[in-house]
Amino acid sequence: MSVTVRIKQNSIFKKKLDIKDIIELTGLSYGVSDENYRLIPDETANHTLLYDKNRLARGIDISMDNTDIVLLLSLPTTPYEIKTFYEIIEKICGKLKTKNYIREEEKVNIKDNHKFIELDKEGSAAGLERISESIGKDEYKRFEIFGIYNPISIGVKEAEQIDNNLDNFEKYLHDIQSLDIYYAAPRVYKVNDKLVGVYAIGADISSVVPTAPYIVLNQIQGIEEWYVMLKHGKTVKYEDFINNTDSKGYYDSNHIIVSLSEKDIDDLTDKYADFPS
């Protein structure tokens, strides 16, 4: 669920705003998502994400369609990010000396932004309720959303913590994305006509890994084997890694945090070293 806004640049005489101009106008942090939906800070692309580094949420997508400026707000999101979304619209409209823009295919005026803020809060609250209802009490069921830094899996524990409350949701998104961790993601290789997924984990680095390996949104299917690369090209099977790692902490309903010392890695590779074949 999302809200899409389009701001037209009609003047043929003035320099058209581009993504870098808009970033400068907002004063927000920015970046792009990699193929695993992790943030690459301080880069721009056809779709660039704007965010407040002090209030981490889901990010506001900005793109250009010819000269039109297109903004996308993912729901559910936080009250602060909703407010920021409409502040960006006001700044862009102010720079272009217009009071009108297109919201969800309808021409609207910035004087009604306060109404849209309330509508999007209601939409976000409804979205949280739908997530909570879809999860129910099933500890194995989860709902994945994309935070500004990385994907986040919401399960029973997270739903209970958020409790269908937007302020709780705002605190949750900021707190979990403020952790000093590395969010691991797999690379996929073709080895002897089969697909193999490999995570890379270094020593003394708090790393988030899934309880069971997967590709976000099933973008690549048919992976037959999963491994973790630990040291100097040494790999172990994912199941051996996850079943024999003692240093584990909870991250979300589908991920744990591991922190391995050099000795931990040596012990794992000595006992379980294996290579895709």
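Look a little higher up for the structure.
Since the structure is predicted, the reported quantities are computational estimates derived from the model, not experimental observations.

## Regarding the overall build of the chain
Looking only at helices and strands, one finds seven helices and 18 strands in the chain. If one aligns the C-alpha atoms of the chain with their principal axes, the spans along those axes are about 65 × 45 × 30 Å. Counting across all 277 residues of the chain, residues that qualify as buried make up 44%. Of the contacts formed within the chain by residues at least 6 apart in sequence, a portion of 62% connects residues at least 24 apart. Across the chain, 35 positive and 47 negative side-chain charges occur, with their mean positions spaced 7 Å apart.

## Brief notes about the pattern of salt bridges
Tallied over the full model, the rule gives 17 salt bridges. Between Glu-118 and Lys-121 there is a salt bridge whose closest N-O contact spans 3.7 Å. Here Lys-121 and Glu-118 lie together in helix α3 (residues 113-135), a separation of three residues that amounts to about one turn. As a salt-bridge pair, Lys-263 and Asp-267 come within 2.9 Å of each other at their nearest N and O atoms. Of this pair, Lys-263 and Asp-267 both sit in helix α7 (residues 262-272), four residues apart, roughly one helical turn. When its relative accessible area of 33% is taken as the criterion, Asp-267 is described as partly exposed. Because the salt bridges share partners, they merge into one network encompassing Arg-6, Lys-8, Asp-65 and Asp-68.

## Focus: empty space enclosed by the protein
This model, assessed by the stated rule, comprises two cavities of 30 Å³ or more. Of the pockets and cavities examined, the largest cavity occupies roughly 80 Å³. Forming the boundary of the largest cavity are Asn-36, Tyr-183, Ala-184, Ala-185, Pro-186, Tyr-199, Pro-210, Tyr-214, Ile-215, Val-216 and His-255. Reported here for the second largest cavity is a volume of approximately 50 Å³. Every residue lining the second largest cavity is listed: Leu-128, Ile-131, Ser-132, Ile-154, Ala-159, Ile-162, Asp-163 and Asn-164. Sorting the residues of the lining of the second largest cavity by element identifies α3 and α4 (156-162) as the ones contributing at least two each. When its residues are assigned to classes, the lining of the second largest cavity shows five nonpolar, two polar and one charged.

## Some words on the side chain of Asp-120
Within the element layout of this structure, Asp-120 appears in helix α3. Beyond its immediate sequence surroundings of up to four residues, Asp-120 is in contact with Val-3, Leu-73, Leu-75, Ile-82, Tyr-86 and Arg-103.

## Some remarks on helix α5 (residues 166-177)
In a regular helix each residue adds 1.5 Å, so twelve residues correspond to 16 Å; α5 covers 17 Å between its end C-alpha atoms and thus fits that length. Listing the buried residues of α5 in full gives Leu-166, Phe-169, Glu-170, Tyr-172, Leu-173, Ile-176 and Gln-177. Each buried residue of α5 sits inside an arc of 165 degrees when the element is viewed along its axis, so together they form one side. Those residues of α5 that are exposed and angled more than 90 degrees off the buried face are Asp-167 and Lys-171. Where α5 is buried, its residues contact α2 (79-96), α3, β9 (143-146), β10 (151-154), α4 and β17 (248-252).

## Considering the sheet that holds strand β1 (residues 2-7)
One open sheet accounts for eight strands, arranged β3-β2-β4-β5-β6-β1-β7-β8; its pairing is antiparallel. The sheet is open, and its two borders are formed by β3 (39-41) and β8 (106-109), each paired with just one other strand. Pairwise comparison of adjacent strand axes, ignoring direction, gives a mean angle of 35 degrees for this sheet. Relative to strand β4 (residues 47-51), strand β2 (residues 29-33) is paired through three bridges, and the arrangement is antiparallel. Residue pairing across strands places Ser-29 opposite Tyr-51, the latter belonging to β4.

Each value, and the rule that gives it
- Residues numbered from 1 in each chain as written.
- Predicted model: local features only at pLDDT ≥ 70, side-chain atom pairs only at ≥ 80, totals over all residues.
- Heavy atoms only, no water.
- Helix = DSSP H or I, 4+ residues; strand = E, 2+ residues; numbered from the N terminus.
- Buried < 20%, exposed > 50% of the residue type's maximum accessible area, 1.4 Å probe, protein only.
- Contact = heavy atoms within 4.5 Å.
- Lys, Arg positive; Asp, Glu negative; His and termini not counted.
- Charge placed at Lys NZ, Arg CZ, Asp CG, Glu CD.
- Salt bridge = Lys/Arg side-chain N within 4 Å of Asp/Glu carboxyl O.
- 1 Å grid on protein atoms, 1.4 Å probe; cavity = no way out; pocket = protein on both sides within 12 Å on 5 of 7 lines; lining within 4 Å.
- Points joined across faces, edges and corners; volume = space filled by probe spheres on them.
- Nonpolar A, V, L, I, M, F, W, Y, C, P; charged D, E, K, R; others polar.
- Expected span 1.5 Å × (residues − 1).
- Arc of directions from axis to C-beta.
- Pairing = 2+ DSSP bridges.
- Axes fitted to C-alpha atoms, helices over the stretch in contact; angles between N-to-C directions.

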